[in-house]
Amino acid sequence: MHPAYSVIFFTTASGAGFGLLAWLSLSFLTRPVASSRPFVLAAFGIALSLAVLGLFASTLHLGRPMRAWRAFSQWRTSWLSREAV
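Everything numeric in this text was worked out from a predicted model, so none of it was measured.

Student: Where do I start with the overall build of the protein chain in this structure?
Tutor: The number of helices and strands found in the protein chain is four helices and zero strands. In the protein chain, the succession of helices and strands from N to C terminus is α-α-α-α. Going through the 85 residues of the protein chain one by one, you find that 20% of them count as buried. Here the analysis covers contacts within the protein chain between residues at least 6 apart in sequence; of these, 55% occur between residues at least 24 apart. Summed over all atoms, the accessible surface of the protein chain reaches about 6,700 Å², with 71% contributed by carbon and sulfur.

Right under this line is the structure:
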């Protein structure tokens, strides 16, 4: 099995981004005062950036990347579009 690089990057980046968001949430729920504000904002920005980059990498795996906008616009009729959104 030889997965495409876009799928590997999508899995790694989005997993790291959502994992960091989960870690930040758990950290805030257990010790809301202990974290410094600049650290939390930087970690939140990194987590969102990783998740968004992973999502955009998933569009590179499409057969025709020029039509990638359809992966996000047809969420009412396609389960794959709903997953992308």
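Back to the write-up after that little detour.
Student: Looking at this model, I keep getting lost on helix α2 (residues 37-59). Mind explaining?
Tutor: Note that an α-helix has 3.6 residues per turn; residues three or four places apart therefore point the same way. The end-to-end C-alpha distance of α2, which contains 23 residues, comes to 34 Å, matching closely the 33 Å that a straight helix rising 1.5 Å per residue would cover. Taken together, the buried positions of α2 are occupied by Ala43, Ala47, Ala51, Gly54, Ala57 and Thr59.

Student: I'm lost on the confidence of the model for the protein chain in this one. Help?
Tutor: Close reading of the predicted structure is inappropriate where its pLDDT is low. With 85% of its residues at a pLDDT of 70 or more, the protein chain shows a mean pLDDT of 81. The least confident element of the protein chain is helix α4 (residues 79-84), whose mean pLDDT is 66; the most confident is helix α1 (residues 5-30), at 88.

Student: Please explain the packing of α1 against α2 as it appears in this structure.
Tutor: The description of two helices packed together rests on the angle between their axes and the distance between the axes. Across the interface, α1 lies against α2 with an axial gap of 7 Å and an inter-helix angle of 155°. Comparing the axis directions of α1 and α2 gives the class roughly antiparallel. You can see that α1 and α2 cross each other, and the crossing is left-handed. The class makeup of the residues in the contact of α1 with α2 is 21 nonpolar, five polar and no charged.

Student: Looking at this model, I keep getting lost on the environment of leucine 53. Mind explaining?
Tutor: Inspection of the secondary structure assignment puts leucine 53 in helix α2. Exposure remark for leucine 53: the relative accessible area of 46% places this residue in the partly exposed category. When the C-alpha positions of leucine 53 and phenylalanine 9 are compared, they lie 8.7 Å apart, and in sequence the two are 44 residues distant.

Student: Help me understand the layout of surface pockets in this model?
Tutor: With a probe scaled to a water molecule rolled over the atoms, the places where space remains empty come into view. Of the volumes computed, that of the second largest pocket is approximately 170 Å³. Elements with a minimum of two residues in the lining of the second largest pocket: α1 and α2. It is α1 that contributes the most residues to the lining of the second largest pocket, six residues altogether. Partitioned by chemical class, the residues of the lining of the second largest pocket number seven nonpolar, three polar and one charged.

How each quantity is defined
Residues numbered from 1 in each chain as written. Predicted model: local features only at pLDDT ≥ 70, side-chain atom pairs only at ≥ 80, totals over all residues. Heavy atoms only, no water. Helix = DSSP H or I, 4+ residues; strand = E, 2+ residues; numbered from the N terminus. Buried < 20%, exposed > 50% of the residue type's maximum accessible area, 1.4 Å probe, protein only. Contact = heavy atoms within 4.5 Å. Areas by Shrake-Rupley, 256 points an atom, 1.4 Å probe, with all protein chains shown as cover. Expected span 1.5 Å × (residues − 1). pLDDT = per-residue confidence, 0-100. Axes fitted to C-alpha atoms, helices over the stretch in contact; angles between N-to-C directions. Parallel < 35°, antiparallel > 145°, perpendicular 65-115°, else oblique. Left-handed = near helix turned anticlockwise from the far one by under 90°. Nonpolar A, V, L, I, M, F, W, Y, C, P; charged D, E, K, R; others polar. 1 Å grid on protein atoms, 1.4 Å probe; cavity = no way out; pocket = protein on both sides within 12 Å on 5 of 7 lines; lining within 4 Å. Points joined across faces, edges and corners; volume = space filled by probe spheres on them.

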